[in-house]
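Coordinates in review
Single-letter residue listing:
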Amino acid sequence: MGRVFAVILEGKIYSCKHCGTHLALGDDIVSKSFHSRHGKAYLFSKVANVTLGEKEERLMMTGSHIVVDIFCVKCGSIVGWKYETAREKSQKYKEGKSVLERFKISGPDGSNYWVGHGAHFGGSDADDV
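The rules behind the values
- Residues numbered from 1 in each chain as written.
- Predicted model: local features only at pLDDT ≥ 70, side-chain atom pairs only at ≥ 80, totals over all residues.
- Heavy atoms only, no water.
- UniProt positions renumbered as here; feature names shortened; annotations may be inferred.
- Helix = DSSP H or I, 4+ residues; strand = E, 2+ residues; numbered from the N terminus.
- Buried < 20%, exposed > 50% of the residue type's maximum accessible area, 1.4 Å probe, protein only.
- Areas by Shrake-Rupley, 256 points an atom, 1.4 Å probe, with all protein chains shown as cover.
- Contact = heavy atoms within 4.5 Å.
- Phe/Tyr/Trp six-rings, centres within 6.5 Å; stacked < 30°, edge-to-face > 60°.
- Lys NZ or Arg CZ within 6 Å of the ring centre and 35° of its normal.
- Pairing = 2+ DSSP bridges.
- Disulfide = S-S within 2.5 Å.
- Core = buried A, V, L, I, M, F, W, Y, C linked by side-chain atoms within 4.5 Å.

The name given to the protein in an unreviewed UniProt entry is Protein yippee-like, with Salvia divinorum as the source organism. Here the protein is described in UniProt, under the heading Sequence similarities (unreviewed entry), as follows: "Belongs to the yippee family."

Put into structure tokens, the structure is as follows:
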């Protein structure tokens, strides 16, 4: 495969819970009110140290979106998805932003998020309530 180069972030860091690779900064959180199959998820304006999957159209709670799954560059674990295109005008703000699932990342204090009884197992998208 070759050598993996990862960017080292400074500040309140969210990292891959499997290998510890830095993925995003707390300062780049746009919203903490997103949901995924595994529970809570956060929308970030930018992420680091990820690779992108194939583009696909997904029907989510807020409409149809073109998204790509994002994977940790070091261990290959899927950590969330990136919005490429939003069909609905009200959802355009998501374009180019990434969602990291809390179940798949460690927080700045090293905490992990565990799936609770209230986890949503349907589609994955924001809770716009």
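Past the structure itself, the notes keep going.
A word on the overall build of the protein
A count of helical and extended segments in the protein gives zero helices and eleven strands. Considering the protein as a whole, with its 129 residues, one finds that 43% of them fall into the buried category. Accessible surface, the protein as shown: approximately 7,100 Å² in total, 51% of it carbon and sulfur.

Some details on the environment of Glu84
With respect to the helices and strands, the residue Glu84 is situated in strand S8 (residues 78–86). Apart from residues lying up to four places away in sequence, Glu84 is in contact with Lys55, Ile66, Val67, Val68 and Glu95.

Concerning unusual backbone geometry
Here the phi dihedral of Asn49 falls at roughly 60 degrees; this positive angle occurs in a residue that is not glycine. In this structure, Asn49 sits in the loop between strand S4 (39–44) and strand S5 (50–52). Of the residues examined, Asn49 reaches a relative accessible area of 9% and is grouped as buried.

A closer look at the packing of aromatic side chains
Considering all chains together, one arrives at four aromatic pairs under this definition. Considering the side-chain rings of Tyr42 and Phe44, the 6.5 Å spacing of their centres and the 45 degrees angle between planes classify their relative orientation as tilted. The same class applies to Tyr42 and to Phe44, which are both buried. Each ring, one from Trp81 and one from Tyr83, has its centre 6.3 Å from the other, and the planes form 75 degrees; the classification is edge-to-face. The residues Trp81 and Tyr83 share a single accessibility class, namely buried. Through a chain of ring-to-ring contacts, the aromatic side chains of Tyr14, Tyr42 and Phe44 assemble into a single cluster. Positioned over the ring face of Phe103 is Lys17, at 4.0 Å from the centre of the ring.

A few points about the sheet that holds strand S1 (residues 13–16)
Within the open sheet, the three strands sit side by side as S2-S1-S10. Their pairing is antiparallel. Edge positions in the sheet fall to strand S2 (22–25) and strand S10 (105–106), since each has one partner strand and no second.

Concerning the state of the cysteines
This model, assessed by the stated rule, comprises zero disulfides. Its sulfur unpaired, Cys19 is 3.5 Å from the next cysteine sulfur, which belongs to Cys72. Residue class for Cys72 comes out buried when judged on its relative accessible area of 2%.

Some points on the nonpolar core
Within the largest apolar cluster, eleven residues are counted, these being Tyr14, Cys16, Leu23, Ala24, Tyr42, Phe44, Ile70, Cys72, Val79, Leu100 and Ile105. The residues touching Leu100, leaving out its near neighbours within four places in the chain, are Leu23, Ala24, Ala41, Tyr42, Phe44, Val47, Ile70, Val79, Gly80 and Ile105. Membership of the second largest hydrophobic core comes to eight residues, among which are Ala41, Met60, Val67 and Val99.

A closer look at the pairing of strand S6 (residues 56–60)
With five bridges connecting them, S6 and strand S7 (residues 63–72) associate as antiparallel partners. Each bridged residue has a counterpart across the sheet, and for Glu56 the counterpart in S7 is Val67. Linking S6 to S7, which pair antiparallel, is a turn of two residues.

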